[in-house]
Amino acid sequence: MGKEILLGKSLNELTQVVKDLGLPKFTAKQIADWLYKKDVTEIDQMTNLSLKARTALKEKYDFGTTASTKVQESVDGTKKYLYPTNHENKFIETAYIPDNDRNTLCVSSQVGCKMGCLFCMTGKQGFQGQLSSGEIINQIRSLPERENLTNIVYMGMGEPLDNVPEVLKSLEILTSDYGMAMSPRRITVSTIGIIPGMVEFLDNSECHLAVSLHSPFDDERKKLMPVQNVYPIKDVLKIIKDFDFGRQRRVSFEYIMFKGINDTAQHVKELCRILDGIKCRINLIRFHPIPNTPLDGSDDQTIEYFKDQLNKKGITTTIRRSRGLDIFAACGLLSTKELVKQQE
Ligand code: SF4
């Protein structure tokens, strides 16, 4: 059997690790420092641990960082990294998006996805496995640009709230003093509205929430996102309305604009109605066509008009710039399906 990995373990778990090995309790905090704050990748480099402690650790554990095996760079500076996972021959993608003084990393939470959204390449790939907290943290920890990172969004491959335990643990490590000590205000978790997961996330984290809305109408949303059959958006919004987000925590809604489908005046009106009472913003996203889809993106003029109408009605609305289109790193385009096929 392979060794367990240390990366991705919370301080509580590390405390248990050192206890099981008969090491002093304070060793757990020292290991966390090496894992999350320092620039090393081997247990042997944990130089403030005794030789005995390092030897005991190495017998059962690996450090756990994994370097990216491929990087592609877009003309706009966006980079897409490919990382191997613990699932045999399965890979994930991570997008690094530099933008003036804001450098965002879009991390994956699953290999593929089981949610089947009509407009998404990852959805077309299907589900191949959950990522562990260590595999989520590794996307940040092994990123060559990690020192420049200002923001992290859980918007890569997978539905984060379909993998709640590992996502929550990764958020704890990112935001704790013992871990990477990032402000939760710099982290956004995106969901299509998996209600049980969303409630757990809201209760156990202070990070921002983004909900993929895409249509305010039941029938239309069902066609775009099968999740609407299980967790209707009206139920998702009820929970958000009743939740106290406080002054600093944000909720936003993602809205991909599809030509002739969800970009009309009725949609503006219905959006205003269903979002009434929620302090939020809407991010409009251009649709990036994927193979074999009946969908088409709204034109720029329509998107601008839609934005203006929502802003006039008092909902802060922005248009998200498309990034990394030429390397398939833009929203909805991440997929490692071809790699999975090649390995089969
Ligand atoms: Fe999964 Fe998100 Fe793609 Fe839907 S949009 S299929 S939830 S990755």
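First, a word on what this report is: a plain description of the structure on this page.

Analysis parameters
Residues numbered from 1 in each chain as written. Predicted model: local features only at pLDDT ≥ 70, side-chain atom pairs only at ≥ 80, totals over all residues. Helix = DSSP H or I, 4+ residues; strand = E, 2+ residues; numbered from the N terminus. Buried ≥ 20, exposed ≤ 12 C-beta atoms within 10 Å, placed from the backbone. Contact = placed C-beta atoms within 7 Å. Axes fitted to C-alpha atoms, helices over the stretch in contact; angles between N-to-C directions. Parallel < 35°, antiparallel > 145°, perpendicular 65-115°, else oblique. Left-handed = near helix turned anticlockwise from the far one by under 90°. Nonpolar A, V, L, I, M, F, W, Y, C, P; charged D, E, K, R; others polar. Pairing = 2+ DSSP bridges.

**Examining the environment of Arg 249**
Consideration 1: Along the chain, the position of Arg 249 falls in the loop between helix H9 (233-242) and strand E12 (251-257).
Consideration 2: Using a count of 16 C-beta atoms within 10 Å as the deciding quantity, one classes Arg 249 as partly exposed.
Consideration 3: Once you skip the residues sitting within four places of it in the chain, Arg 249 turns out to touch Glu 206 and His 208.

**What about the environment of Ser 183?**
Consideration 1: Positionally, Ser 183 belongs in the loop between helix H6 (164-175) and strand E10 (187-191).
Consideration 2: Taking the C-alpha atoms as reference points, Ser 183 and Ala 53, 130 residues apart in sequence, are found 32 Å from one another.

**Some remarks on the packing of helix H1 (residues 11-20) against helix H2 (residues 27-36)**
Consideration 1: In contact at an axis separation of 8 Å, H1 and H2 are set at 125° when each is read in the N-to-C sense. Regarding the angle of H1 to H2, the classification is oblique. Note on packing geometry: the crossing formed by H1 with H2 is right-handed. Listed contacts from H2 to Leu 11, Leu 14, Thr 15 and Val 18 of H1 are Thr 27, Ala 28, Ile 31 and Ala 32.
Consideration 2: Tallied by class, residues from the contact of H1 with H2 come to six nonpolar, two polar and no charged.

**So, the sheet that holds strand E9 (residues 151-154)**
Consideration 1: The sheet built from 10 strands is open, its strands ordered E3-E4-E5-E6-E9-E10-E11-E12-E13-E14 with mixed pairing. Two strands lie at the open edges of the sheet, namely strand E3 (70-73) and strand E14 (316-320), each paired on one side alone. Across the sheet, the mean angle from the axis of one strand to that of its neighbour is 20°, orientation sign disregarded.
Consideration 2: One ladder, built from four bridges, connects strand E11 (residues 208-212) with E12; its direction is parallel. By the bridge assignment, Leu 209 is partnered in E12 with Val 251.
Consideration 3: Its contacts with the sheet put helix H11 (residues 300-312) on E12, strand E13 (281-286) and E14, and the angle it makes with E14 is roughly 160°.

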